[in-house]
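# Structure at a glance
So the chains spell out like this:
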Amino acid sequence: MSPHAPGTPTTTEAAAHWHLLQREGALSPADQQRFMDWLVASPQHLREYLAMARVAAELGDAVRAMPTDAEVEAFITGHRRDDNVVALGRARIAAAQTRRPRKRSWLPRMAVAAAVLLSVAAGLHLAMPSPRIYAAPHGETRVFALDDGTVLHLNAESEASVAFGPFRRQVALTRGQASFVVAPGLRPFTVQAAGLEVRDIGTTFDVSLQRDQARFGVTEGRIHVIDEGGAGSLLADLHAGQAARIAHADRRVSISREDADVLTAWWQRRIVFRDEPLREIADRFNRMNRTRLYVDDSVAGALRLTGNLKAHDLASLRAFLDEQPTLTTTAGNGEIRVRSRHAPVSGTY
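For every chain, the first residue of its written sequence is number 1, and the numbers climb from 1 along that sequence. For a predicted model such as this one, the threshold for reporting local features is a pLDDT of at least 70, and the threshold for listing and counting side-chain atom pairs is 80 or more; totals across whole chains, interfaces and linings nevertheless cover every residue. Excluded from the side-chain calculations are hydrogens and water; all other atoms, namely the structure's heavy atoms, are used.

To continue, consider empty space enclosed by the protein. A water-sized probe rolled over the atoms picks out the places where empty space is left. Lining residues are defined by having an atom within 4 Å of a point belonging to a cavity or pocket. Those points lie on a 1 Å grid over the protein atoms alone, cavities being sets where a 1.4 Å probe fits but cannot get out and pockets being open sets with protein on both sides within 12 Å along at least five of seven lines. Grid points are joined across faces, edges and corners, and a volume is the space filled by probe spheres set on the points. Summed over all chains, the structure comprises one cavity of 30 Å³ or more. The calculated volume of the largest cavity comes to roughly 80 Å³. Lining of the largest cavity is provided by Asn155, Gln177, Trp266, Arg269, Arg270, Ile271, Arg284, Arg287, Met288 and Ala311. Listed by contribution, the elements that provide at least two residues to the lining of the largest cavity are β15 (270-277) and α9 (278-288). To qualify as a helix, a DSSP run of H or I must reach at least 4 residues; to qualify as a strand, a run of E must reach at least 2; elements of each kind are numbered from the N terminus. In terms of residue count, the dominant contributor to the lining of the largest cavity is α9 (three residues).

The strand order across the open sheet formed by seven strands is β2-β3-β6-β9-β10-β13-β14, and the pairing between neighbours is antiparallel. The open sheet has two free edges, formed respectively by β2 (142-145) and β14 (253-257), since each of these has just one partner strand. Averaged over all pairs of adjacent strands, the angle between strand axes in this sheet comes to 15 degrees, irrespective of strand direction. Strand pairing follows a simple DSSP-based rule, namely that at least 2 bridges must link the two strands. Inspection of the sheet shows strand β10 (residues 213-220) paired to strand β13 (residues 242-247) by five bridges, in the antiparallel sense. Looking across to β13, one finds that Gln213 is bridged to Ala247. The axes used here are C-alpha line fits, helices contributing only the stretch in contact, and every angle between their N-to-C directions lies in the interval 0 to 180 degrees.

A word on the sheet that holds strand β1 (residues 132-136). The sheet built from seven strands is open, its strands ordered β1-β4-β5-β7-β8-β11-β12 with mixed pairing. Both outer strands of the open sheet, β1 and β12 (234-239), are each paired with one neighbouring strand and no more. With strand direction ignored, the average angle separating the axes of adjacent strands in the sheet is 20 degrees. Pairing analysis gives four bridges linking strand β7 (residues 189-193) to strand β8 (residues 196-200), with the strands arranged antiparallel. Counterpart to Val191 in the pairing with β8 is Val198.

Turning next to the pattern of salt bridges. Any two side chains of opposite charge can pair, so long as their charged atoms come close to each other. In the sections that follow, a salt bridge refers to a side-chain nitrogen of Lys or Arg positioned within 4 Å of a carboxyl oxygen of Asp or Glu. Evaluated as defined, the whole model comprises 16 salt bridges. The partner of Arg199 in a salt bridge is Glu197, with the nearest N and O atoms 2.6 Å apart. With relative accessibility at 33%, the residue Arg199 sits in the partly exposed group. Since its relative accessible area comes to 0%, Glu197 is described here as buried. Across the salt bridge formed by Glu335 and Arg337, the nearest N and O atoms sit 3.0 Å from each other. The buried label applies to any residue whose accessible area, calculated with a 1.4 Å probe on protein chains only, is under 20% of its type's maximum; exposed applies above 50%, and partly exposed to all values in between. Given the relative accessible area of 24%, Glu335 is considered partly exposed. Here Arg337 falls in the partly exposed class, since its relative accessible area comes to 24%.

Attention now goes to the packing of aromatic side chains. Pairing of aromatic rings covers Phe, Tyr and Trp, the last counted by its six-membered ring, and requires centre-to-centre distances within 6.5 Å; plane angles under 30 degrees mean stacked, over 60 mean edge-to-face, and any other angle means tilted. All told, the structure shown has six aromatic pairs when counted by the stated rule. Aromatic ring contacts, followed pair by pair, group Phe164, Phe180, Phe189 and Phe205 into a single cluster.

Extensive coverage of α9 is indicated by the burial of nine of its 11 residues. Residues of α9 that are buried: Leu278, Glu280, Ile281, Ala282, Arg284, Phe285, Asn286, Arg287 and Met288.

What follows covers the nonpolar core. By size, the foremost hydrophobic cluster in this structure holds 31 residues, and its most contacted members are Phe180, Phe205 and Phe216. Once residues lying within four places of it in the same chain are set aside, the contact partners of Phe180 are Val151, Leu152, Val171, Phe189, Val191, Thr203, Thr204, Phe205 and Val207. The definition of a nonpolar core used throughout is a set of buried Ala, Val, Leu, Ile, Met, Phe, Trp, Tyr and Cys residues joined through side-chain atoms within 4.5 Å. Counting residues in each nonpolar core, the second largest holds 21 residues, with Ile281, Ala300, Leu305 and Leu309 among its members. The criterion used for residue contact is that any of the two residues' heavy atoms lie within 4.5 Å.

Here Phe273 lies in strand β15. What Phe273 contacts, discounting residues up to four positions off in sequence, is Ile281, Arg284, Phe285, Leu305, Thr306, Gly307, Asn308, Leu309 and Phe320.

Consecutive side chains along a regular strand alternate between the two faces of the sheet. Counting buried residues along β8, four of its five residues qualify, which places the element largely inside the surrounding structure. Hairpin remark: β7 followed by β8, antiparallel, with two residues in the connecting loop; positive phi at Ala194, about 55 degrees. By the bridge criterion, four bridges tie β8 to strand β11 (residues 222-226) in an arrangement that is antiparallel. By the bridge assignment, Asp200 is partnered in β11 with Ile223.

So, about the confidence of the model for the protein chain. A residue's pLDDT is simply how confident the predictor is in it, with values from 0 to 100. Residues of the protein chain with pLDDT of at least 70 account for 72%, and the chain-wide mean is 80. Taken together, the stretch residues 1-9 has pLDDT below 50 and engages in 13 contacts with residues farther than four places along the chain or on a different chain. Below pLDDT 50 for its whole length, residues 84-93 participates in five contacts with residues either more than four positions away or in separate chains.

Turning next to the side chain of Ser340. Within the secondary structure layout, Ser340 lies in strand β19 (residues 335-340). In protein, a polar contact requires one atom able to donate a hydrogen and another able to accept it; more generally it is a pair of N or O atoms within 3.5 Å, and residues adjacent in sequence count only if both atoms are side-chain atoms. One polar contact links the side chain of Ser340 to the main-chain amide nitrogen of Ala300, over a distance of 3.3 Å. Among all residues touching Ser340, those that are not within four sequence positions of it are Asp297, Val299, Ala300, Thr326, Leu327 and Thr328.

Below, the structure written as structure tokens:
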């Protein structure tokens, strides 16, 4: 069985096999590099491997009863003398043949140890908590207290998956926007979003998935934003009062200063936008209202605006848009449409 070969059934089984190879010292330099690549490829790999190491330590005598490499070679050589097999090396075979094979009393112990280890590994895999899904519906924000004391704020039309294990606290933001007031603890706290990983080094931060980019802002403390789900390069090291916008397409990073009250304004159902395109502003209003705001041309959609409005105050929103000299609005049938004054209607952005 090779943990890095195609067809490996589960991460738990791969972690168990890597751990056994490490204990036996059976890894070549190339295999050791492959092990390291596997270990850092996913946070789950590291979690499973650490759990396996703890399980193996607790096995104690059963693990120590497993045979050495020399005993395994002597046993295999003794059984294959008449087989048509490729020799493993004259020196090693000669050494094994000149030794009087020890009693094979270790075979039952090895079988028991292997069975125990696999049983515990299977139990550990089944015992890992299934992710809990938290969601906020259209038009409403939600606040949740997680099991470790962390407070999760979800904006409207947002969803997060939370999995807390023995060694890690992990959240996946699948859509929308979320803020985290992270409770202190020894287990690392991470958030997966848009193929990026946020590693908390502080206490309070915000993650927002937008059309063309993801935005990360820090209210208190510090975070790292890392590419490729935590296995890539460090894209942003953010402190309190900073925000990063990272493009989905090319991972281009833009860092700016952000006030804490701006980052958390949506907690109070306010929409604060500073030099942001109208199409993004429309998305944020549409999360909160049955009346939809449609942008009918790309020029209007790209117009960058600054404002601070109540999320449900559509009258103030329309008045704000009508004040813009390049825009015109119409309303009716449960919608507000906005476009450039001299642009033909060409679609919705």
